[in-house]
Amino acid sequence: MVSGFITSVEGKVIPGKYVVLAKGQNSQRMNDLLIPVWVISSQEGTIISAHCMGCKAGLAEMCSHVASVLFYIEAWTRISGKLACTQVKCTWLLPSYVNEVTYARARDVNFKSSKKLREEMDLKIDACEGENQYQPPAPARIIKHDEDEMNAQLKKLNELNVKPVILSLFKPYSESFMLRSQPVLTMPDLYDPRDLKLSYPDLLKQCFEVSLDLNDNKLDTIEEDTRKQSKGNLFFRHRAGRIGASVSWTVAHSNPMLPSQSQSSQSLIKSLCYPHLQSYL
């Protein structure tokens, strides 16, 4: 209700009963048709019957769509009870209907819970009475510490038996979060957008000029950091572009120049060069 998923709320008084019809948006499938909901209550507010015609839970008269409509009615009743001829702005407190959820940057997304949004709306409704104006909660006060105090706190955190992740943001403690093989040059590090403009012969010439210096110490470090394989952070990064034993036969019998094998060759190249993407399939 606080997200604007309820619309077309209409009511009619039938002798002794209140009948309300409404429509709600499906929170998981925004492109689906609106869900019809109806509620019958007594004059005292007792819910006699309610039904949602768009979900299985609604067949038992206990789905979230029915509850959202009841919340909407409750909020509108409170607003109507406080509404005067000079308080038209009170009608703006109910969320407007949202027919689609657009993409937005993370900094522009309101991550407040529905409970918090409902509490804020209740405060606005309560402030409509008389001359009271809604006062938004004061922003959190940021306490700044001097550098010496901050370093002392970080030192205490570093002495704990566990490793707080906050230390990864400050030097020199952040170095302990880096694996020893992380500075080692990998195939993805060789990517250069300018190479996309090269012709195929020039691209091959560029590839032959590449040299990866991997001595025994670096190989031992890579082997140690990738023992957990897919559970490790650098496994797919070090594996990219390398031909392992499991695909060596397929590579030896694949020819990207043959049209009949082009599709299989392309998928093979993708699995070798982008193993982190293949892991999600």
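Just so we're clear, the structure is a prediction, and the values are computed from it rather than from any experiment.

Negative charge collects at one region of the surface, where Asp146, Glu147, Asp148 and Glu149 lie side by side. Residue position: Glu147 is located in helix α4 (residues 147-158).

Here we take up a nonpolar patch on the surface. Where nonpolar side chains cluster on the molecular surface, the patch consists of Leu185, Met187, Leu190 and Val210 and spans about 280 Å² of accessible area. Overall, Leu190 belongs to the partly exposed group, its relative accessible area being 32%.

This brings us to the state of the cysteines. Enumeration over the complete set of coordinates arrives at zero disulfides. You can see Cys63 has no disulfide; the closest cysteine sulfur is in Cys52, sitting 3.7 Å from it. There is no disulfide at Cys273, and the cysteine sulfur nearest it, in Cys207, is 9.8 Å away. Assessed through its relative accessible area of 35%, Cys273 is described here as partly exposed.

Pairing within the open sheet is antiparallel, and its four strands lie in the order β1-β2-β3-β4. Among the strands making up the open sheet, the edge pair consists of β1 (6-14) and β4 (47-52). Across this sheet, the average inter-strand angle for adjacent strands is 15°, counted without regard to direction. Across eight bridges, the pairing between strand β2 (residues 17-24) and strand β3 (residues 35-42) is antiparallel. From the neighbouring strand, Val20 faces β3, where its bridge partner is Val39.

Between Lys171 and Pro172 the backbone carries a cis peptide bond, its omega angle lying at 0°. Within the secondary structure, Pro172 is located in the loop between α4 and α5 (200-208). Notably, Ser8 is not glycine yet its phi reads approximately 55°, a positive angle. Within the secondary structure, Ser8 sits in strand β1. Ser8 gets classed as partly exposed once you look at its relative accessible area, which sits at 40%.

Here we take up the pattern of salt bridges. Inspection of the entire model under this criterion finds four salt bridges. Linking Glu74 and Arg118 is a salt bridge whose minimum nitrogen-to-oxygen distance equals 2.6 Å. Within this pair, whereas Glu74 is found in helix α2 (residues 64-82), its partner Arg118 is found in helix α3 (residues 114-126), the two being separated by 44 residues in sequence. A relative accessible area of 31% places Glu74 in the partly exposed class. On the basis of relative accessibility, which here comes to 15%, the residue Arg118 falls in the buried class. Between Glu223 and Arg227 there is a salt bridge, with its nearest N and O atoms 3.1 Å apart. We classify Arg227 as exposed; its relative accessible area is 59%.

Here the focus is the packing of aromatic side chains. Following the criterion strictly, the structure yields one aromatic pair and no others. Judged by centre distance (5.2 Å) and plane angle (70°), the ring pair of Phe235 and Phe236 falls under edge-to-face. For Phe236, a relative accessible area of 18% puts it in the buried group.

With that settled, consider the nonpolar core. Membership of the largest hydrophobic core comes to 18 residues, with the highest contact counts inside it found for Met1, Val37, Cys52, Val66 and Val69. Of all the elements in the fold, those that place two or more residues in this core are β3, β4, α2 and α3. Counting residues per element, this core draws most heavily on α2, which supplies five residues. The residues contacting Met1, other than those within four sequence positions of it, are Ile6, Ser68, Phe71, Tyr72, Pro95, Arg118 and Met121.

What counts as what
- Residues numbered from 1 in each chain as written.
- Predicted model: local features only at pLDDT ≥ 70, side-chain atom pairs only at ≥ 80, totals over all residues.
- Heavy atoms only, no water.
- Patch = residues over 30% accessible without salt bridge, like charges linked within 9 Å, V, L, I, M, F, W, Y side chains within 5 Å.
- Areas by Shrake-Rupley, 256 points an atom, 1.4 Å probe, with all protein chains shown as cover.
- Salt bridge = Lys/Arg side-chain N within 4 Å of Asp/Glu carboxyl O.
- Lys, Arg positive; Asp, Glu negative; His and termini not counted.
- Charge placed at Lys NZ, Arg CZ, Asp CG, Glu CD.
- Helix = DSSP H or I, 4+ residues; strand = E, 2+ residues; numbered from the N terminus.
- Buried < 20%, exposed > 50% of the residue type's maximum accessible area, 1.4 Å probe, protein only.
- Disulfide = S-S within 2.5 Å.
- Pairing = 2+ DSSP bridges.
- Axes fitted to C-alpha atoms, helices over the stretch in contact; angles between N-to-C directions.
- Phe/Tyr/Trp six-rings, centres within 6.5 Å; stacked < 30°, edge-to-face > 60°.
- Core = buried A, V, L, I, M, F, W, Y, C linked by side-chain atoms within 4.5 Å.
- Contact = heavy atoms within 4.5 Å.

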